[in-house]
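The primary structure of each chain is shown beneath.
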Amino acid sequence: MGLRSHNSMAPRELAVLFLLLAAHASAGVTSPYRRSLLMLPDMPLDANVFRAPPGYNRRSSTVYHYAVGHGYTVRAFSFKTPPKPGPDVPIKFGIIGDLGHTFHSNDTLTHYEAGGGGDAVLFIGDLSYADNHPGHDNRRWDSWARFVERSVAYQPWIWSTGNHEIDYAPEISETAPFKPFTNRYLTPHRASNSTEPFWYSVKMASAHVIGLSSYSSYGKYTPQWTWLDELARVDRTTTPWLIVCVHSPWYNTNDYHYMEGETMRVQFEPWLVDAKVDLILAGHVHSYERSHRVSNVLYDIDNGKATPVFNASAPVEASFGHATLDIKNRTHAHYEWHRNQDGVKVVADKAWFTNRYYLPTDTN
């Protein structure tokens with residue numbers, strides 16, 4: 001009864017309140033002002049009011065602390081953002097690819113960490129190898145994330161996609177390529193006007209890094225082909241080092257995956273040569289090989305030495321490991337290859353690279 005009585009009184013109480021307000025209201029003042037009938041133009045996109053709110057854009061060379069979890073499961077991490085782009089800003093990249101879940105995988109990551117690591121990692125594709133397991137076991141994606149967290153949680157990893165990220169499995173009704181990857185690993189592709197997360201670029205210190213997708217369409221007029229006009233937008237006075245990451249190598253003297261990257265090489269190599277790209281990093285073959293700067297060379301794989309005719313002294317070996325690229329300034333960068341089976345301080349291969357923009361060389 002009390003509840004019913006309360007509801008029946010509510011409309012009258014509201015009505016009385018309205019009448020009381022109306023009784024005390026003034027009639028107002030009439031003004032001769034009339035707004036302009038002309039429509040004002042839109043504010044420019046760079047107007048202050050459209051800028052990202054404070055905290056959205058992270059500052060360069062700054063340590064950020066963050067926490068993940070809930071309640072008693074919260075874990076704290078931190079990472080340092082890369083230095084602001086500049087022609088003589090040093091940066092050290094770790095270079096890793098084809099990692100997977102094996103004991104070699106743990107050796108590679110442990111070796112990288114024990115050697116001091118770098119400021120960021122350029123990952124050249126093939127992450128978890130979950131597609132090697134029945135039903136493309138997605139638990140392997142999660143276990144791999146826990147495995148690499150010890151590094152990924154504390155420094156930037158720049159991802160390239162490999163064949164093991166495709167995960168095309170119509171036999172289990174999975175027909176969307178790269179689905180597990182794209183739902184777990186975001187890339188900053190929109191910042192470089194890319195329409196897909198598989199090809200994009202980032203500017204870090206004195207380097208402009210371009211990632212290409214070996215397993216997305218790259219023929220003439222395709223989105224990736226169109227986007228690679230990014231080469232024309234590179235400002236070598238700010239980021240003199242131009243680095244391209246791609247999973248399937250364009251030059252490979254091993255008979256494993258031999259010439260799988262040939263069609264992409266034919267499509268894009270002239271552009272990269274014209275743009276004076278400093279170096280291309282690739283994976284896929286599970287062997288180590290380094291060459292001098294080459295383009296459109298003939299192979300002599302039948303000689304049994306697995307070396308290209310142009311550069312017979314290039315190191316080629318079946319070893320697992322990681323590399324580092326230590327950019328010193330606008331003209332010089334030091335490269336090292338570290339094999340898993342060697343001691344942490346052992347350098348199996350090394351080279352100094354000179355910048356093709358500031359120190360052009362004849363590579364004909």
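Before reading further, recall that the structure is shown in the block above.
Residues numbered from 1 in each chain as written. Predicted model: local features only at pLDDT ≥ 70, side-chain atom pairs only at ≥ 80, totals over all residues. Heavy atoms only, no water.

A look at helix 3 (residues 139-152)
So, point 1. Between its first and last C-alpha atoms helix 3 spans 18 Å; for 14 residues at 1.5 Å apiece the expected length is 20 Å, and the two agree.
So, point 2. Along helix 3, the sharpest kink reaches roughly 35°, centred on Arg146.
So, point 3. The inward-facing, buried residues of helix 3 contact helix 2 (103-114), strand 4 (120-123), strand 5 (157-159) and helix 4 (179-182). (Helix = DSSP H or I, 4+ residues; strand = E, 2+ residues; numbered from the N terminus. Expected span 1.5 Å × (residues − 1). Bend = angle between axes of the 7 residues up to and from the residue. Contact = heavy atoms within 4.5 Å.)

Some words on the sheet that holds strand 14 (residues 349-354)
So, point 1. The sheet built from six strands is open, its strands ordered 5-4-3-12-13-14 with mixed pairing. Since the sheet does not close on itself, it has two edges, and those belong to strand 5 and strand 14, each with one partner. When strand polarity is set aside, the average angle formed by the axes of neighbouring strands in this sheet is 20°.
So, point 2. Inspection of the sheet shows strand 4 paired to strand 5 by three bridges, in the parallel sense. (Pairing = 2+ DSSP bridges. Axes fitted to C-alpha atoms, helices over the stretch in contact; angles between N-to-C directions.)

A short note on the sheet that holds strand 9 (residues 279-281)
Working definition: the strands of a sheet are paired by backbone hydrogen bonds and lie parallel or antiparallel to each other.
So, point 1. One open sheet accounts for four strands, arranged 6-7-8-9; its pairing is mixed. Two strands in the sheet have a free side with no partner beyond their single neighbour: strand 6 (200-204) and strand 9. If you compare each strand with its neighbour and ignore which way they point, the axes differ by 20° on average.
So, point 2. As paired elements, strand 8 (residues 241-245) and strand 9 share three bridges and run parallel to each other. Residue pairing across strands places Val244 opposite Ile280, the latter belonging to strand 9.

Quick notes on the pattern of salt bridges
So, point 1. Under the defined criterion, the tally for this structure stands at 15 salt bridges.
So, point 2. Between Glu230 and Arg233 there is a salt bridge whose closest N-O contact spans 3.1 Å.
So, point 3. The closest approach of N and O atoms between Arg339 and Glu317, which form a salt bridge, is 3.2 Å. One end of the pair, Arg339, is in strand 13 (residues 332-339); the other, Glu317, is in strand 11 (residues 316-317), with 22 residues separating them in the sequence.
So, point 4. What makes Arg339 partly exposed here is its relative accessible area of 22%.
So, point 5. Overlapping salt bridges bring together Asp229, Glu230 and Arg233 as one network. (Salt bridge = Lys/Arg side-chain N within 4 Å of Asp/Glu carboxyl O. Buried < 20%, exposed > 50% of the residue type's maximum accessible area, 1.4 Å probe, protein only.)

Here's the deal with the environment of Phe198
So, point 1. Structurally, Phe198 can be placed in the loop between helix 4 and strand 6.
So, point 2. Its relative accessible area of 8% is what places Phe198 among the buried residues.
So, point 3. Spatially, the C-alpha atom of Phe198 lies 7.8 Å from that of Thr187, the residues being eleven residues apart in sequence.
So, point 4. Not counting chain neighbours up to four residues away, the residues in contact with Phe198 comprise Thr161, Phe178, Phe181, Thr182, Gly211, Leu212, Ser213 and Ser216.

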